[in-house]
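# Remarks on the overall topology
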Amino acid sequence: VQLQAYGGGLVQAGGSLRLSCAASGGTFSNYAMGWFRQAPGKEREFVAGINWSGGSTYVTNSVKGRFTISRDNAKNTAYLQMNSLKPEDTAVYYCAGRGIRNSFVVTSLSAYDVWGQGTLVTVSS
């Protein structure tokens, strides 16, 4: 499967963006999905994950209550809804897939098999 992330842009602090990750060339529902981000000069970090069915989700503490991950298997797309954005959320955001069907969400970068290109999110103060 190939992944393409889009939806990034420039937004003021307190604003919202929705990122999308479109999958093609495979069976999207066979993949757990994750969103990661990499700020300038920092390592790539886990943001949110969702299992193959959407029944299990997990978001990292720094975005809890502000970001929501979801998926629509009929549309082969995963989403990251980002509300109450802060300047520290500025980063390149990546979506990734892990070819497994279970109820777990994994936060480790190395567990993900397929990566999309990044989409830049810039939050101005």
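Look up a bit, the structure's there.
We now turn to the structure provided with this report. (Residues numbered from 1 in each chain as written. Predicted model: local features only at pLDDT ≥ 70, side-chain atom pairs only at ≥ 80, totals over all residues. Heavy atoms only, no water.)

## Some points on the overall build of the protein
Counting its secondary structure elements, the protein contains zero helices and eleven strands. The order of helices and strands in the protein, counted from the N terminus, is β-β-β-β-β-β-β-β-β-β-β. Structurally, the protein occupies a C-alpha span of about 40 × 25 × 25 Å along its principal axes. Within the protein, buried positions represent 42% of all 125 residues. Looking at the protein alone, contacts between residues at least 24 apart form 60% of all its contacts between residues at least 6 apart. Put simply, the protein shows about 6000 Å² of open surface, and 46% of that area lies on carbon and sulfur atoms. (Helix = DSSP H or I, 4+ residues; strand = E, 2+ residues; numbered from the N terminus. Buried < 20%, exposed > 50% of the residue type's maximum accessible area, 1.4 Å probe, protein only. Contact = heavy atoms within 4.5 Å. Areas by Shrake-Rupley, 256 points an atom, 1.4 Å probe, with all protein chains shown as cover.)

## Here's the deal with the side chain of Arg98
By the secondary structure assignment, Arg98 is in strand E9 (residues 91-98). Although Arg98 is buried, it forms no salt bridge, and the closest oppositely charged side chain is Asp113 at an N-O distance of 6.1 Å. (Lys, Arg positive; Asp, Glu negative; His and termini not counted. Salt bridge = Lys/Arg side-chain N within 4 Å of Asp/Glu carboxyl O.)

## Let's talk about the pattern of salt bridges
Opposite charge on two side chains permits them to pair, given that their charged atoms come into close proximity. In total, this model carries three salt bridges according to the counting rule given. The shortest N-O distance in the salt bridge between Arg37 and Glu45 comes to 2.7 Å. Classification of Arg37 as buried rests on a relative accessible area of 6%. The partner of Asp89 in a salt bridge is Arg37, with the nearest N and O atoms 2.9 Å apart. Within this pair, whereas Asp89 is found in the loop between strand E8 (77-82) and E9, its partner Arg37 is found in strand E4 (residues 32-38), the two being separated by 52 residues in sequence. For the pair Asp89 and Arg37, one class covers both residues: buried.

## Here we look at the pairing of E8
The element E8 is extensively covered by neighbouring structure, given that five of its six residues are classed as buried. Sheet topology places strand E3 (residues 17-24) next to E8; six bridges connect them, and they run antiparallel. For Ser20, the partnering residue across the bridge sits in E8 and is Tyr79. Relative to E8, strand E7 (residues 67-72) runs antiparallel, the two being bridged by six bridges. Bridging across to E8, Asp72 finds its partner in Thr77. (Pairing = 2+ DSSP bridges.)

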